[in-house]
Amino acid sequence: MISIILPVYNCEDSLKKCLDSLISQSYSDFEVICIDDGSKDKSGLILNEYAKKDKRFKVFHQDNHGVSYARNKAISYAKGEYITFLDSDDFLENDALKIMFSYMNKYKVDMVRTNYFKILNNKKNKGYSNYKKEEILNSKEIISDLIPKVLSGEVRSYLVIICIKKDIIVNNKIHFDNCVSMMEDKIFFIELLMSVKNFIQVKDYTYNYVLNENSAIMSKEKCNSRIKNIFDVSIILKKILKEKNILDKQNMEKLIISHFEMLCRELIYCDDTKETINYVYSFKKNAFYSDIFSSFNHNKLRIDRFFMFILLKKHMKNILYFYIKILKRIKNIKKRRKI
């Protein structure tokens, strides 16, 4: 009944726990489509080992093409009536599939979305969700209420906590964009929401999202790549919303604010802020760059982001650099106090 899409790349340290959480499921009618995306460690061997023990694991090896390509390929192989996603760093609660299937079956909906736990330093906390009870939305409510919340980031676009009818994906030709390496899930999730007739959000927790504390500070190259993706994804989402005739002022503003917030985060977490600031200015001719600096109510930004916006707009690079250094220092102080 359920096909689980699992892309795998160089994750030998976490993979067995991930796969064991599948074997431990209280619901057994599933298959796992594992795409080894050119792993250079023992991940591929681990997948082969599990496939020999359990025929529900279907393993495919390929050269490295990225997570979007791997997920698209896995979906093309899937034989289940429903599809859900799993990341190899994470693991499921024992009743995850049972919970998802029971809601899909009981309410006859096109898609279900659950809650998740965040795990940091082996401490388990409830992930953020603004849904506290079961709530069924029809297509009109999805467009008027849910999509704006996804655009703003108020509702996370995590695919690992959804279960969707496979026919919705196939019949609407929904696929992951191979040209982006970040926020591909946001594009995919919004396209799903535009295609379903109904949707249920439930309060049950099914997923364990494992956070890596050491991954916060990123290299200049990685930050620049992520910044490019922010601009690319913004343009793609604008096009999708426009084609569906829902690119109104509210949705555009939510998109701009949330993606500008992401841009600020990249500047704060980069290990070479000066170079990254210069890289942002290389997008001056980008349509979304123009949207950021002209087309929304900037007073809706958080006060610290508002100052970053002003400094970026006025090209006050040196002041912006020292301002970000202060923000980094404040963040580090808060982090030490928590410890």
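Basis of the calculations
Residues numbered from 1 in each chain as written. Predicted model: local features only at pLDDT ≥ 70, side-chain atom pairs only at ≥ 80, totals over all residues. Heavy atoms only, no water. Helix = DSSP H or I, 4+ residues; strand = E, 2+ residues; numbered from the N terminus. Rg over C-alpha atoms; globule rule 2.2 N^0.38 Å. Buried < 20%, exposed > 50% of the residue type's maximum accessible area, 1.4 Å probe, protein only. Contact = heavy atoms within 4.5 Å. Areas by Shrake-Rupley, 256 points an atom, 1.4 Å probe, with all protein chains shown as cover. Lys, Arg positive; Asp, Glu negative; His and termini not counted. Charge placed at Lys NZ, Arg CZ, Asp CG, Glu CD. Phe/Tyr/Trp six-rings, centres within 6.5 Å; stacked < 30°, edge-to-face > 60°. Lys NZ or Arg CZ within 6 Å of the ring centre and 35° of its normal. Pairing = 2+ DSSP bridges. Axes fitted to C-alpha atoms, helices over the stretch in contact; angles between N-to-C directions. Parallel < 35°, antiparallel > 145°, perpendicular 65-115°, else oblique. Nonpolar A, V, L, I, M, F, W, Y, C, P; charged D, E, K, R; others polar. Expected span 1.5 Å × (residues − 1). Polar contact = N/O pair within 3.5 Å; in protein donor to acceptor, adjacent residues only side chain to side chain. Right-handed = clockwise from strand over helix to strand, strands pointing away. Salt bridge = Lys/Arg side-chain N within 4 Å of Asp/Glu carboxyl O.

Glancing now at the overall build of the protein chain. Secondary structure summary: the protein chain contains 13 helices and 10 strands in total. The C-alpha atoms of the protein chain give a radius of gyration of 21 Å, which matches the 20 Å a tight globule of 339 residues would have. Expressed as lengths along the three principal axes of its C-alpha atoms, the size of the protein chain is roughly 60 × 45 × 40 Å. A total of 339 residues make up the protein chain; the buried ones form 50% of that total. Residue pairs at least 24 apart in sequence account for 81% of intrachain contacts in the protein chain once pairs closer than 6 positions are excluded. When the accessible area of the protein chain is evaluated, it comes to approximately 17100 Å², of which 49% is carbon and sulfur surface. Distance between charge centroids for the protein chain: 6 Å, based on 60 positive and 42 negative side chains.

Here we come to unusual backbone geometry. Phi at lysine 108 is positive, roughly 55 degrees, even though this residue is not glycine. The backbone phi angle of methionine 183 is positive, close to 70 degrees, even though this residue is not glycine.

This next bit is on the packing of aromatic side chains. Applying the stated criterion to the full structure yields 21 aromatic pairs. For the cation-ring pair, lysine 53 lies above tyrosine 50, with the distance from its terminal atom to the ring centre recorded as 4.5 Å. The ring of tyrosine 321 is capped by lysine 274, whose NZ or CZ atom sits 4.8 Å from the centre of that ring.

Two strands pair when backbone bridges link them, and strand 6 (residues 111–120) and strand 7 (residues 123–126) are joined in this way by four bridges, in the antiparallel orientation. Among the inter-strand pairings, leucine 120 is bridged to a residue of strand 7, identified as lysine 123. Between strand 6 and strand 7, which pair antiparallel one after the other, the connecting turn spans two residues, and asparagine 121 there sits at a positive phi close to 55 degrees.

Let us look at the packing of helix 7 (residues 184–195) against helix 8 (residues 220–243). The interhelical angle for the contact between helix 7 and helix 8, taken along N-to-C directions, is 10 degrees, at an axis separation of 10 Å. Between helix 7 and helix 8, the angle falls in the class roughly parallel. Contacts from Lys186, Ile187, Ile190, Glu191 and Met194 of helix 7 reach helix 8 at Val233, Ile236, Leu237, Ile240 and Leu241. Each residue belonging to the contact of helix 7 with helix 8 can be placed in one class, and the counts come to eight nonpolar, no polar and two charged.

On to helix 7, then. For helix 7, which comprises 12 residues, the first-to-last C-alpha distance of 17 Å matches the rise-based estimate of 16 Å (1.5 Å per residue) to within 8%. In terms of residue burial, helix 7 counts as a mostly covered element, since 11 of its 12 residues are buried. The set of residues buried in helix 7 consists of Glu184, Asp185, Lys186, Ile187, Phe188, Phe189, Ile190, Leu192, Leu193, Met194 and Ser195.

Of note, serine 258 is situated in helix 9 (residues 249–269). Within the structure, the side chain of serine 258 is placed 2.6 Å from the backbone oxygen of leucine 151, a separation counted as a polar contact. Look past the residues within four positions of serine 258 in its chain and what remains in contact with it is Leu151, Ser152, Gly153 and Lys186.

Counting buried residues along strand 1 (residues 2–8), seven of its seven residues qualify, which places the element largely inside the surrounding structure. Where burial is concerned, the two faces of strand 1 agree: the one with Ile2, Ile4, Leu6 and Val8 and the one with Ser3, Ile5 and Pro7 are both buried. Once you follow strand 1 into helix 1 (residues 12–23) and on to strand 2 (residues 30–37), the crossover reads as right-handed. With four bridges connecting them, strand 1 and strand 4 (residues 82–85) associate as parallel partners. Its bridge partner being in strand 4, serine 3 is matched across the sheet by isoleucine 83.

Moving on, we get to the packing of helix 9 against helix 12 (residues 303–313). Direction vectors running N to C along helix 9 and helix 12 enclose 85 degrees, while the axes themselves pass 11 Å from each other. Our classification of the angle between helix 9 and helix 12 gives roughly perpendicular. Side by side, helix 9 and helix 12 meet where Phe260, Glu261, Cys264, Arg265, Leu267 and Ile268 of the first sit next to Arg305, Met308, Phe309 and Leu312 of the second. Each residue belonging to the contact of helix 9 with helix 12 can be placed in one class, and the counts come to seven nonpolar, no polar and three charged.

This paragraph deals with the pattern of salt bridges. According to the stated counting rule, one finds 16 salt bridges in the structure shown. In this structure, arginine 305 engages glutamate 261 in a salt bridge whose closest nitrogen and oxygen atoms are separated by 2.8 Å. Of the two residues, arginine 305 is situated in helix 12 and glutamate 261 in helix 9; the sequence distance between them amounts to 44 residues. Aspartate 304 is the partner of arginine 302 in a salt bridge, and the nearest nitrogen-oxygen pair spans 2.8 Å. Here the salt bridges share partners, and the residues they tie into one network are Glu261, Arg302, Asp304 and Arg305.

What follows deals with helix 3 (residues 67–77). Along helix 3, the positions that sit buried rather than exposed are Ser68, Ala70, Arg71, Asn72, Ala74 and Ile75. Looking at the packing, one finds that the buried side of helix 3 touches strand 1, strand 2, strand 3 (57–62), strand 4, helix 6 (166–171) and helix 7.

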